[in-house]
Amino acid sequence: MADEALFLLLHNEMVSGVYKSAEQGEVENGRCITKLENMGFRVGQGLIERFTKDTARFKDELDIMKFICKDFWTTVFKKQIDNLRTNHQGIYVLQDNKFRLLTQMSAGKQYLEHASKYLAFTCGLIRGGLSNLGIKSIVTAEVSSMPACKFQGTMQKGVTDTPNKMFRWILCHRNGRLRRLTKPNIILKT
């Protein structure tokens, strides 16, 4: 429970810090969401790297999205996604009816315009995780009533790695140390 409270506080401070710097003229207001999404992208890459190191390969995109909805979401937000929908053509909609980062805000409609800045980090989190699993995507978020939200992931065809490829861990011997490489085409010679 304490780790959840710390995550919520850290996220709120991160959002307010980015927007305070925008008010001081350091960053344009339009770039704040991009900055938050980029932070989430990097965190998503790191988390997926840790979470998938002991899992078997995924068969296809749908298996990857099921992993994101069940295991990844449960680890980060302490609950599974409520609904996953797809058109089987690269568009996935993840619905969370009680999204943790929005539950602290009032359910009133006056806060709907501020919801996007609290969802940008999570969009980046999903995009970064998918990126590290070999899928290039565009992730957007939509809120119609608080605290429910929908994340739509559009997978970009033709720019993914091979469908069965996920992280491959290669151990190399260099200077008496074992190292993990995340790119299978890089081999260090000793």
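Preceding this section is the structure that the text describes.
Residues numbered from 1 in each chain as written. Predicted model: local features only at pLDDT ≥ 70, side-chain atom pairs only at ≥ 80, totals over all residues. Heavy atoms only, no water.

### Examining the pairing of strand E3 (residues 137-142)
This is how it is decided: Two strands form a pair only when DSSP identifies at least two bridges running between them. Secondary structure elements follow DSSP: runs of H or I no shorter than four residues count as helices, runs of E no shorter than two count as strands, and numbering proceeds from the N terminus.
Bridging between E3 and strand E4 (residues 149-155) involves six bridges; their strand directions are antiparallel. Looking at the pairing, glutamate 142 lines up with lysine 150 of E4. Hairpin connection between E3 and E4: a loop of six residues separates the two successive antiparallel strands.

### Section: the packing of aromatic side chains
Each aromatic ring pair is characterised by the separation of its centres together with the angle its planes make. To keep it simple, the criterion reads: Think of it this way: a Phe, Tyr or Trp ring, Trp meaning its six-membered ring, pairs with another when their centres are within 6.5 Å, and the plane angle makes it stacked under 30 degrees, edge-to-face over 60, tilted otherwise. Under the scheme applied here, a residue whose accessible area is under 20% of the maximum for its type counts as buried, over 50% as exposed, and between as partly exposed, the area being computed with a 1.4 Å probe on protein chains only.
If you walk through the whole model with that rule in mind, you get seven aromatic pairs. Measuring from ring centre to ring centre gives 5.9 Å for phenylalanine 51 and phenylalanine 72, while their planes differ by 65°; the resulting arrangement is edge-to-face. Of this pair, phenylalanine 51 sits in helix H2 (residues 31-51) while phenylalanine 72 sits in helix H3 (residues 61-77), and the two are 21 residues apart along the sequence. Judged by its relative accessible area of 25%, phenylalanine 51 is partly exposed. Among the aromatic residues, ring-to-ring pairing joins Trp73, Phe77, Phe99 and Phe151 into one connected group.

### A closer look at H2
Note the threshold: Take the number of residues in a helix, subtract one, and multiply by 1.5 Å to get its expected span.
Taking 1.5 Å of rise per residue, 21 residues should cover 30 Å, and H2 covers 30 Å from first to last C-alpha, within 8% of that figure. The complete set of buried residues in H2 reads Cys32, Leu36, Glu37, Gly40, Phe41, Gly44, Gln45 and Ile48.

### Comments concerning the sheet that holds strand E1 (residues 83-86)
Quick note on the threshold: Inter-axis angles, ranging from 0 to 180 degrees, are taken between N-to-C directions of lines fitted to C-alpha atoms, where helices are fitted over the stretch in contact. Residues are treated as being in contact if the distance between any of their heavy atoms lies within 4.5 Å.
With antiparallel pairing, four strands are arranged side by side in an open sheet as E1-E2-E4-E3. A strand with exactly one partner marks an edge of an open sheet, and here the two such strands are E1 and E3. Neighbour to neighbour, the strand axes of the sheet diverge by 15° on average, direction disregarded. Of the strands in this sheet, E3 and E4 touch helix H4 (residues 115-132), which is tilted by about 155° from E3.

### A word on the pattern of salt bridges
Operational definition: A carboxyl oxygen of Asp or Glu within 4 Å of a side-chain nitrogen of Lys or Arg is what we treat as a salt bridge.
Evaluated as defined, the whole model comprises three salt bridges. Residue aspartate 82 pairs with lysine 79 through a salt bridge whose shortest N-O separation is 3.1 Å. Residue class for aspartate 82 comes out partly exposed when judged on its relative accessible area of 40%. Overall, the relative accessible area of 18% leaves lysine 79 in the buried class. It is possible to trace a salt-bridge network through shared partners that takes in Lys79, Asp82 and Asp96.

### A short note on the packing of H3 against H4
Convention followed: Any angle between 65 and 115 degrees counts as roughly perpendicular, while under 35 counts as roughly parallel, over 145 as roughly antiparallel, and the rest as oblique. Each helix crossing is assigned a hand: it is left-handed if the near helix lies turned anticlockwise from the far helix by less than a right angle, otherwise right-handed if that turn is clockwise. Think of it as three bins: nonpolar holds Ala, Val, Leu, Ile, Met, Phe, Trp, Tyr, Cys and Pro, charged holds Asp, Glu, Lys and Arg, and polar takes everything else, Gly as well.
Contact geometry of H3 with H4 gives a least axis separation of 11 Å together with a crossing angle of 130°. When the axes of H3 and H4 are compared, the pair comes out oblique. As for the relative orientation of H3 and H4, their crossing is right-handed in sense. Here H3 contributes Ile64, Met65, Ile68, Phe72, Trp73, Val76 and Phe77 to the contact with H4, which in turn contributes Thr122, Leu125, Ile126 and Leu130. Of the residues in the contact of H3 with H4, the class split is ten nonpolar, one polar and no charged.

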